[in-house]
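Here is what each chain is made of, one letter per residue.
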Amino acid sequence: MVEDSTAAARVVRLLRERGQTLATAESLTGGLLSGAVTSVPGSSAAYVGGLVTYATELKQRLLDVPAEVIASEGVVSAGCAVAMARGAASGTGADWALATTGVAGPDLQEGKPAGTVFVGLVGPGVETHRRLALDGDRQDVRAGTVVAALDMLGEVLLSANTTGS
């Protein structure tokens, strides 16, 4: 369970106020992000669904992450996170999509240490990412990623540029 349920509640409230929807594409969080969102009462008015694409091949096949992005940047990258979010938004028709990819640990992946995480965010007039460097064990990294992703979307939704549908 995610430690900060207020981040999920805030995102659901903001999306509902705007009449907008969210989809998720997850790798290292393995469903924790969607679980945090759906734990909020009334989330069905804002959350359309998501995909857990742990395997690289599924990122390509289900989320249309370009092979070129994986070859040049890897799956633990900003490019992959944004492509995953793009694929989730287009595949579900959601207004917003959040994607998580990275290394939960304990081993290196693509030469990157545990705690290296990228969150992708796509929405109306927005296509961005955030790189995280998280400390702790697997659970800490995964939970921290969920909170950071939800905080990121909450910040964008609260900004003046994204009010309205």
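### Here we look at the layout of surface pockets
Empty space within the largest pocket amounts to approximately 200 Å³. Forming the walls of the largest pocket are 15 residues, and the residues nearest its centre are Ser27, Leu28, Tyr54, Gly102 and Gln109. Contributions of two or more residues to the lining of the largest pocket are made by α3 (56–63) and β3 (96–102). Of the residues assigned to the lining of the largest pocket, the class counts are six nonpolar, six polar and three charged.

### Examining the nonpolar core
Membership of the largest hydrophobic core comes to 31 residues, with the highest contact counts inside it found for Leu22, Trp96, Leu98, Leu121, Leu150 and Leu153. If you list the elements that add at least two residues to this core, you get α1 (5–18), α2 (32–38), β3, β4 (116–123), β5 (126–133) and α6 (138–158). With sequence-adjacent residues up to four places away left out, Leu121 is seen in contact with Ala85, Trp96, Ala97, Leu98, Val126, Glu127, Thr128, Met152, Leu153 and Val156. One finds Val69, Ala81, Ala99 and Phe118 within the second-largest nonpolar core, a separate group that totals 23 residues.

### Some thoughts on unusual backbone geometry
For the peptide bond that leads from Gly105 to Pro106, omega is 10°, which places it in the cis range. Among the secondary structure elements, Pro106 is positioned in the loop between β3 and β4. Notably, Asp64 is not glycine yet its phi reads approximately 60°, a positive angle. By the secondary structure assignment, Asp64 is in the loop between α3 and α4 (67–72). Unlike most non-glycine residues, Glu110 shows phi in positive territory, near 55°. By the secondary structure assignment, Glu110 is in the loop between β3 and β4. Of the residues examined, Glu110 reaches a relative accessible area of 40% and is grouped as partly exposed.

### Focus: the pattern of salt bridges
Where charged atoms from two side chains of opposite charge come close, those side chains can pair. A full pass over the atoms with the stated rule returns six salt bridges. Here Arg10 makes a salt bridge to Asp151, at a shortest N to O gap of 3.8 Å. One end of the pair, Arg10, is in helix α1; the other, Asp151, is in helix α6, with 141 residues separating them in the sequence. Among the residues examined, Arg10 registers a relative accessible area of 25% and is labelled partly exposed. Judged by relative accessible area, Asp151 falls into the partly exposed class, the value being 25%. A salt bridge links Glu110 to Lys112; its shortest N-O distance comes to 3.8 Å.

Calculation notes
- Residues numbered from 1 in each chain as written.
- Predicted model: local features only at pLDDT ≥ 70, side-chain atom pairs only at ≥ 80, totals over all residues.
- Heavy atoms only, no water.
- 1 Å grid on protein atoms, 1.4 Å probe; cavity = no way out; pocket = protein on both sides within 12 Å on 5 of 7 lines; lining within 4 Å.
- Points joined across faces, edges and corners; volume = space filled by probe spheres on them.
- Helix = DSSP H or I, 4+ residues; strand = E, 2+ residues; numbered from the N terminus.
- Nonpolar A, V, L, I, M, F, W, Y, C, P; charged D, E, K, R; others polar.
- Core = buried A, V, L, I, M, F, W, Y, C linked by side-chain atoms within 4.5 Å.
- Buried < 20%, exposed > 50% of the residue type's maximum accessible area, 1.4 Å probe, protein only.
- Contact = heavy atoms within 4.5 Å.
- Salt bridge = Lys/Arg side-chain N within 4 Å of Asp/Glu carboxyl O.

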